[in-house]
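# Structural description and commentary
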Protein chains: 4
Amino acid sequence: MTIKVGIFGATGYTGYELIHILLRHPEAEIVFTTSESSAGSRLSDLYPCPWDLLLIASAEAPLDAIDVAFLCLPHAASMDMVRRVREAGVRAIDLSADFRIPDPATYERWYKTPHTAPELLEEAVYGLVELHREHISKAELIANPGCYPTSVILGLYPLARKGLLGRKIIIDSKSGVSGAGRTPKLTTHFVEVNENLSPYSIGHSHRHIAEMEQELNALNGPYEIIFSPHLLPVNRGILSTIYVEVPSDLTAEQVHEIYRETYAGEPFIHLLPPGQVATLRHTVGSNRCAIGLTRLEGTNSLIVTTSIDNLVKGASGQAVQNMNVMFGLPETMGLGEDRRQGARGEGRSA
Amino acid sequence: MTIKVGIFGATGYTGYELIHILLRHPEAEIVFTTSESSAGSRLSDLYPCPWDLLLIASAEAPLDAIDVAFLCLPHAASMDMVRRVREAGVRAIDLSADFRIPDPATYERWYKTPHTAPELLEEAVYGLVELHREHISKAELIANPGCYPTSVILGLYPLARKGLLGRKIIIDSKSGVSGAGRTPKLTTHFVEVNENLSPYSIGHSHRHIAEMEQELNALNGPYEIIFSPHLLPVNRGILSTIYVEVPSDLTAEQVHEIYRETYAGEPFIHLLPPGQVATLRHTVGSNRCAIGLTRLEGTNSLIVTTSIDNLVKGASGQAVQNMNVMFGLPETMGLGEDRRQGARGEGRSA
Amino acid sequence: MTIKVGIFGATGYTGYELIHILLRHPEAEIVFTTSESSAGSRLSDLYPCPWDLLLIASAEAPLDAIDVAFLCLPHAASMDMVRRVREAGVRAIDLSADFRIPDPATYERWYKTPHTAPELLEEAVYGLVELHREHISKAELIANPGCYPTSVILGLYPLARKGLLGRKIIIDSKSGVSGAGRTPKLTTHFVEVNENLSPYSIGHSHRHIAEMEQELNALNGPYEIIFSPHLLPVNRGILSTIYVEVPSDLTAEQVHEIYRETYAGEPFIHLLPPGQVATLRHTVGSNRCAIGLTRLEGTNSLIVTTSIDNLVKGASGQAVQNMNVMFGLPETMGLGEDRRQGARGEGRSA
Amino acid sequence: MTIKVGIFGATGYTGYELIHILLRHPEAEIVFTTSESSAGSRLSDLYPCPWDLLLIASAEAPLDAIDVAFLCLPHAASMDMVRRVREAGVRAIDLSADFRIPDPATYERWYKTPHTAPELLEEAVYGLVELHREHISKAELIANPGCYPTSVILGLYPLARKGLLGRKIIIDSKSGVSGAGRTPKLTTHFVEVNENLSPYSIGHSHRHIAEMEQELNALNGPYEIIFSPHLLPVNRGILSTIYVEVPSDLTAEQVHEIYRETYAGEPFIHLLPPGQVATLRHTVGSNRCAIGLTRLEGTNSLIVTTSIDNLVKGASGQAVQNMNVMFGLPETMGLGEDRRQGARGEGRSA
């Protein structure tokens, strides 16, 4: 089975990463790639790569030639294109935030723009596979999760679903610069970022809180989320250091066992041994999420460290994982974790 | 007045930074620099610099020729040399941790080694000038503060002294690699650090907690400190993102006013306007501490962001600031903040 | 067909990269991985990865269970192990320099140690596939090329074979730090490398000149090679800026045509359009070599810029490319360039 | 004596660096700072610093209140402002390229714009102090040299003036990103630069060649200059690796002696011992130029490595050095090299 793929908005970092992944995917074929600003160019004109994929205007995109569309468009711009895709009967995986929040009013409050395709919100499934695999397998429209929420929700899900998570959650996240997109700005100018570290939108103001609340509050919530992102001088990766409270009598071993059990068999969760911490290096270039658990004995405090590659598990890799689930392919196909080794070099830890 | 200076342990990063600062100080003269491992070499043999200061063994150091000794030795190694310096009647500024903790048992618990000069602990003054200027001006032995504690204590002092600081303090700190010293290790190998971010000793285990507890608990404490340092891929700088609780009815403006009042006239405190955050770039290369205050309205949460240069305000600059105070010099001398500008280019903000 | 693989010296950067590549290779199975210093550990104990491959001492390695051995050992240490492998009748791909120089005296002159397995030099084939594909396909022992020589020889081969290359060749190369290995040293300490750039062994002294001379002098040589490597503050990649002389009447178009013709069909050569320059980003993470040609009109000067990833095309990727050729597999298998796209997203440029 | 200073174009990197230097200069007072785009703002609104200098429109600048004007404006924009400054009888130090090339036609050829103040070209002095100290001391208008030319001319001047420099000069330069200015562009976007290295304008096309030719051709020229700049992933610094030919019988010691003699007493030249190479770290943050000499014995080749900080010796530090010379101040004042150490810690090497 070859899945025919169209990519809308191919020239940003998530679009480029998606192309990079799909070119190695054994069962995917890229049929078209669009770019409004660079229509007529080749991808190799825009990136130092040998792939001379032709970029076309989205109006020219042959929707009847594809099985699934990936939308790597900016927030708000994505809504109308998703509608066009869905009206053509094509499945859609939307990497923007436009379909992540089922309630249009909540969407508008965080994103400062009205939702123009509210009729599609109901069919949209939040594409965090580890939480919603069943729904995803039948979905026609996937809202691919945001990068920060992926790193946070996966880090807290096992505790939240068991009702063991204290109300106040403090998340100190640090992200590589590719998360800010490819458009040049002073805040992402090399000299401003390099040898620097900058907090931004800290506290209650970053809009990714909407997704975190949505997914976590459904699990024995509500919670109060304090979220402080920082811009790191690296290209890729998100590290979240999460401070939560758990019952005082819950031991480090019990916490670890809860995570182990919840994520048993998950190919992309790399649960670290008790006391070890996640680092960016655990996941950069992969579709994994690494999770470390540091229980402060004698208190009710737990520090959860998680890391993901913001462009892979935080965006394009997760989108391909969703595609694999939607089309009944092995979930790891094309994502580099589909191999198991022989007798002397045994598999994975988790 | 020229102050004659000796430097013990001149070849690590703090020693080198100290030399760099003192070479520009108009009233200091470096009389000798020691290094056990490199005695006989010139500084220019060890660092890409033009300064060919001769390194001598500490046993050869002419204590009678100096007014003050700076000790840039490793923890534990410093104690005996400080005793020798003090027995010669020379004032000492110790950059190690050996005299920061007045209680020898507490020292031993955190540093895993007995204190071998406990008789000197009483005269040692903790050299955080903004808190202890009066004592420092009369001190013979200064325990120069640790880098992380400097960034944390300065960030919380105004609230703590007013009794407005909640008991639980969560500190998420990020430090440049020079804080780990110059001895090559796998954890500071370029390839391991670059494009990475690593938490380490998170929770209750980093020994700098001892200093934080010591200074803060004396101010309407005790407090419970959760401290999570991270190794950043930059050379210099510490950013601390500190999550605390304050009375719910304390407004952002009131918080700011408390800091403004506490630090009025402090030449090295750069208090940012309400809502602004500190970044590494605010302080790298300077002896300043930048402080940002983000009050989460409608809750009891406050996020304090602070930044310092770990080698300057976090080590050698602060040591020179201490020297200036001890010898009655202008506190900013040689530290780059001693100039004020004329009519159209008015002074500093703070 | 599954090729059973053993890896000697698995814990350095080239060994780890090789494992990373082979875990995705559809026809390779890693049977064992050795490490003298870490025998008994798992790979996941040494690297932040989920792969818990067991490391064994080389003496325990079951040579009868493998089809091919990769040797990622230091120079000089490799010779004896290669002999053991060959005596067991197993094919060997040696990533060290030990079999790259057929003449033992020349080897000893550059590497300051006698060659202890000279009887194997004759069967060794220099594994630069683009030059020696035929020999490699029948080889039992491959001397995998050095990283710098790969970037240089591929950049000059088309001109040299045509006899169009002037005698004096000036090579200014810049390499990422992983090329210096994983053993901590002051020269690779983060603070020393970051925000720095250091030339080293410039002129006539770097031993990789031996390989360059060997391969190039056979092509209408001899040449005089001036080679100046620099240590770049990046993890991976080599950029070589090569200054050569060509006949004055050779146009930019003719030069480009010579390269195009020489490398027609080469899957890993990315020849850039005339006037474009190679950057590290062209090849990092891939097994490609990018080549840019800048002809200075009206003179006899040509500047060739080449880039490779030192750990992939400059080491482990090239080793797998050699394996593929030796075992009759598609040359690109497992190396990420084996896919071609459909009608609208046509193939590669070169 | 206090020199009253005005700064035109204060908000770019060279303007900001100049302010940073002048704030520490004991005999300079900044009277005004201009910015067309940010008039009315404070410097602390634009940079993470505590200096709240008011920015005014250049039309408001009180020329009668200053002794000297520094112009940190873009090429072409500087000409008219320099005329206004000179017409007011105020001395000018122009950091743009507008007065570096005495011949208007040559200027226009390289800078693609006509020169609109040609009548001032004659009085302009090229402000490379080590070559033109006498003229600078009497000058009213200084053309502050470009960053690359400073690194190249200082590296070749001793040989060229002696007539020992071969005709063909190959310069491989690597520059930090601050050299490209503060305006956000894709080429200086963090993700594009970090972990990358890019040659640009290589060969005969970079306009800084004009200055190199001008200064060097006057010294036993003409020369053929091949100049290849590269964009380095660091904030500051230029390293130039320069390949030249010298008489075959000139020994390494003789070459070194020629440099030693030429630069005897120069406070900002750091001549390294024979065989040592310059690195960025030698000069970052200082106004020095480090020079290393690598003579390839038995050939006519010499490799000269030089490093400067592009914002200091390559721009604002050199501008202050010029000011010091123009006003009869000690040349090193405010530039951090004005101190000599006592008996045990002897001076500088050079």
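Rules and cut-offs
Residue indices follow the written sequence of each chain, beginning from 1 at its first position. The naming scheme follows written order: chains are lettered A onward, ligands numbered 1 onward. Note on the predicted model: pLDDT of at least 70 is required for a residue's local features to be given, and 80 or more for side-chain atom pairs to be given and counted; whole-chain, interface and lining totals, by contrast, use all residues. The basis for every side-chain value is the complete set of heavy atoms in the structure, and neither hydrogens nor water enter the calculation. Numbering goes from the N terminus for both helices and strands, where a helix is a DSSP run of H or I of at least four residues and a strand is a run of E of at least two. We compute the radius of gyration from the C-alpha atoms alone; for a globule the expected value is 2.2 Å times N to the 0.38, where N is the number of residues. Only protein chains enter the area calculation, which uses a 1.4 Å probe; residues under 20% of their type maximum are buried, those over 50% are exposed, and those in between are partly exposed. The contact definition used throughout considers only heavy atoms, calling two residues in contact when any of these lie within 4.5 Å. When charges are counted, neither His nor the chain ends are considered; positive counts come from Lys and Arg and negative counts from Asp and Glu. Each charge is placed at NZ for Lys, CZ for Arg, CG for Asp and CD for Glu. C-alpha atoms of residues with pLDDT of at least 70 in both copies form the basis for the least-squares superposition of the copies. Here the limits of each domain have been adopted from an automatic or database domain assignment. Each of two parts loses accessible area, computed with a 1.4 Å probe, when they are put together; buried area is these two losses added. Salt bridge criterion: a side-chain nitrogen from Lys or Arg within 4 Å of a carboxyl oxygen from Asp or Glu. Pairing between strands is defined by DSSP: at least two bridges between them are needed. Axis definition: a line fitted to C-alpha atoms, limited for helices to the stretch in contact. Angles are taken between N-to-C directions and run from 0 to 180 degrees. Centres within 6.5 Å make a pair out of two Phe, Tyr or Trp rings, where for Trp the six-membered ring is used; the pair is then stacked when the planes are under 30 degrees apart, edge-to-face when over 60, and tilted otherwise. We count a charge as sitting over a ring when the NZ of a lysine or the CZ of an arginine lies within 6 Å of the ring centre and within 35 degrees of the ring normal. Whenever two N or O atoms come within 3.5 Å, that pair is a polar contact, provided that in protein one can donate a hydrogen and the other can accept it, and provided that, for residues adjacent in sequence, both atoms are side-chain atoms. In this classification, Asp, Glu, Lys and Arg are treated as charged, Ala, Val, Leu, Ile, Met, Phe, Trp, Tyr, Cys and Pro as nonpolar, and every other residue, Gly included, as polar. Looking at any residue, its pLDDT shows the predictor's confidence there, from 0 to 100. A clockwise path from the first strand over the helix to the second, with the strands pointing away from the viewer, defines a right-handed crossover. What sets the label is the angle itself: under 35 degrees gives roughly parallel, over 145 gives roughly antiparallel, 65 to 115 gives roughly perpendicular, and the rest give oblique. Crossing handedness: left-handed means the near helix sits turned counterclockwise from the far one by under a right angle, and right-handed means the same turn made clockwise.

### Looking at the overall build of chain A
Scanning chain A for helices and strands turns up ten helices and 14 strands. For 350 residues, the compact-globule formula gives about 20 Å, and the C-alpha radius of gyration of chain A, at 20 Å, lands near that figure. Principal-axis analysis of the C-alpha atoms places the extent of chain A at approximately 65 × 55 × 45 Å. Counting every position in chain A, which comprises 350 residues, the buried fraction comes to 67%. Partitioning the contacts of chain A with sequence separation of at least 6, the portion at a separation of at least 24 is 68%. The averaged location of the 40 negative side-chain charges in chain A is 4 Å from the averaged location of its 30 positive side-chain charges.

### Thoughts on the relation of the copies chain C and chain D
Superposition record for chain C on chain D: RMSD 0.0 Å, screw rotation 180 degrees, translation along axis 0.0 Å. These values place the two chain copies in the arrangement generated by a two-fold rotation axis. The overlap is high: 100% of the interface residues of chain C also sit at the interface in chain D, so the same surface is used on both sides.

### With respect to the domain arrangement of chain A
All names here are of chain A. Domain boundaries in chain A define domain 1 (3-144 + 312-326) and domain 2 (148-308). Here domain 1 and domain 2 have C-alpha centroids that lie 25 Å from each other. Each side of the interface is counted separately: domain 1 has 23 residues, and domain 2 has 29 residues. Interface of domain 1 and domain 2: buried area, both sides summed, is about 2300 Å²; carbon and sulfur atoms make up 56% of it. Where domain 1 meets domain 2, there are three salt bridges. Among the salt bridges present, the one from Arg236 reaches Glu17, with a minimum N-O distance of 2.3 Å.

### So, the sheet that holds strand β7 (residues 141-143) of chain A
All names here are of chain A. Ordered in space as β3-β2-β1-β4-β5-β7-β6, the seven strands form an open sheet in which the pairing is parallel. Both edges of this open sheet fall to β3 (55-56) and β6 (124-126), since each of them pairs with a single strand only. With respect to the sheet, helix α3 (residues 77-87) is in contact with β1 (3-8), β4 (68-71), β5 (91-94) and β7, its orientation differing from that of β5 by roughly 160 degrees.

### Structural notes on unusual backbone geometry
The omega torsion of the bond from C:Gly221 to C:Pro222 falls at 5 degrees, within 30 degrees of zero and hence cis. Within the secondary structure layout, C:Pro222 lies in the loop between α8 (209-217) and β10 (224-231). Despite not being glycine, B:Asn220 has its phi angle at roughly 60 degrees, a positive value. Take B:Asn220: it is sitting in the loop between α8 (209-217) and β10 (224-231).

### Describing the packing of aromatic side chains
The tally for this structure, following the rule as stated, stands at 26 aromatic pairs over all chains. Taking the centre distance of 3.8 Å and the plane angle of 0 degrees together, the rings of C:Tyr16 and C:Tyr47 count as stacked. You can see C:Tyr16 sitting in helix α1 (residues 13-24) and its partner C:Tyr47 sitting in the loop between α2 (43-46) and β3 (55-56), a full 31 residues away along the chain. Comparing C:Tyr16 with C:Tyr47, the two get one shared label, buried. Three or more aromatic residues joined by ring pairs form one cluster here, namely A:Tyr16, A:Tyr47 and A:Trp51. In this structure, A:Arg91 is placed above the aromatic ring of A:Phe327, and the distance from its NZ or CZ to the ring centre is 4.5 Å.

### Some details on the relation of the copies chain B and chain A
Mapping chain B onto chain A calls for a screw motion: a turn of 180 degrees about the axis and a shift of 0.0 Å along it, with 0.0 Å RMSD after fitting. Mapped onto chain A, 100% of the interface residues of chain B are again interface residues, and the two copies thus contact each other with one and the same surface.

### What about the environment of B:Thr11?
Residue and element names in this part refer to chain B. Inspection of the secondary structure puts Thr11 in the loop between β1 (3-8) and α1 (13-24). In this structure, the C-alpha to C-alpha distance between Thr11 and Ser35, residues 24 residues apart in sequence, is 6.6 Å. If we skip the residues at most four places from it in the chain, Thr11 touches Ser35, Leu46, Tyr47, Leu55 and Arg182.

### Points about the sheet that holds strand β14 (residues 301-308) of chain B
Residue and element names in this part refer to chain B. One open sheet accounts for seven strands, arranged β9-β10-β8-β11-β14-β13-β12; its pairing is mixed. Looking at which strands have only one partner, the edges of the open sheet turn out to be β9 (198-199) and β12 (269-271). Pairing between strand β8 (residues 168-175) and strand β11 (residues 238-245): six bridges, direction antiparallel. The residue of β11 that forms the bridge with Lys174 is Leu239. Helix-sheet contacts for helix α9 (residues 252-262) involve β12, β13 (289-295) and β14, and the interaxial angle to β13 is about 160 degrees.

### Quick notes on the interface of chain C and chain D
Each partner contributes residues to the interface: chain C has 41 residues there, and chain D has 41 residues. Here chain C meets chain D over a buried area of about 3100 Å², counting both sides, of which 60% is carbon and sulfur. The shortest N-O distance in the salt bridge between D:Glu245 and C:Lys168 comes to 2.7 Å. Linking chain C with chain D are 26 residue pairs in polar contact (both at pLDDT 80 or more). Counting residues per element, the side of chain C that touches chain D draws most heavily on strand β8 (residues 168-175) of chain C, at five residues. Within the side of chain C that touches chain D, the residues separate by chemical class into 17 nonpolar, 15 polar and nine charged.

### So, the side chain of C:Asp172
On the secondary structure map, C:Asp172 appears in strand β8. Engagement of the side chain of C:Asp172 in a polar contact is seen with the side chain of C:Lys174, the distance being 2.9 Å. Each residue touching C:Asp172, except ones within four places of it in the same chain, is listed here: C:Ser228, C:His230, C:Leu239, C:Ser240, C:Thr241, C:Tyr243, D:Asp172, D:Lys174, D:Thr241 and D:Tyr243.

### Quick word on the confidence of the model for chain A
All names here are of chain A. Residues at a pLDDT of 70 or more form 96% of chain A, whose mean pLDDT is 95. Segment residues 338-350: pLDDT under 50, and 43 contacts once partners within four positions in sequence are set aside and those in other chains are kept. Reported confidences for the modelled complex are a pTM of 0.96 and an ipTM of 0.95.

### Some words on the pairing of β1(A)
Residues and elements named next belong to chain A. Of all six residues making up β1, five are buried, and the element is well covered by its neighbours. As paired strands, β1 and strand β2 (residues 28-34) are joined by five bridges and run parallel to one another. Along β2, the bridge assignment pairs Val5 with Ile30. Handedness of the crossover is the feature at issue here: the chain leaves β1, passes through helix α1 (residues 13-22), returns alongside β2, and the resulting connection is right-handed. The pairing of β1 with β4 spans four bridges and is classified as parallel. Residue Phe8 lies in a different strand from β4, and its bridge partner there is Leu71.

### Quick look at the packing of helix α6 (residues 147-161) of chain C against helix α9 (residues 252-262) of chain C
Residue and element names in this part refer to chain C. α9 packs onto α6 with a crossing angle of 105 degrees between their chain directions and a minimal axis gap of 9 Å. The orientation of α6 with respect to α9, classified from their angle, is roughly perpendicular. Along the contact surface, α6 presents Gly155, Leu156, Tyr157, Pro158, Leu159 and Arg161, while α9 presents Ile258, Tyr259 and Thr262. When the residues that make up the contact of α6 with α9 are grouped by side-chain class, the tally is six nonpolar, two polar and one charged.

### Quick word on the packing of helix α6 (residues 147-161) of chain B against α8(B)
Residues and elements named next belong to chain B. At a minimum axis separation of 10 Å, α6 and α8 run at an interaxial angle of 20 degrees. Viewed along their axes, α6 and α8 adopt a mutual orientation that is roughly parallel. Where α6 crosses over α8, the two elements pack in a sense that is right-handed. Counting all contacts with α6, which are made through Tyr148, Pro149, Val152, Ile153, Leu156 and Ala160, the residues of α8 involved are Glu211, Met212, Glu215 and Leu216.

### A short note on the interface of chain B and chain A
Each side of the interface is counted separately: chain B has 41 residues, and chain A has 41 residues. Both faces considered, chain B and chain A share a buried interface measuring about 3100 Å² in area, 60% of it formed by carbon and sulfur atoms. For the interface between chain B and chain A, the tally reads four salt bridges. Our count for the contact surface shared by chain B and chain A stands at 26 residue pairs in polar contact (both at pLDDT 80 or more). Split by residue class, the side of chain B that touches chain A holds 17 nonpolar, 15 polar and nine charged.

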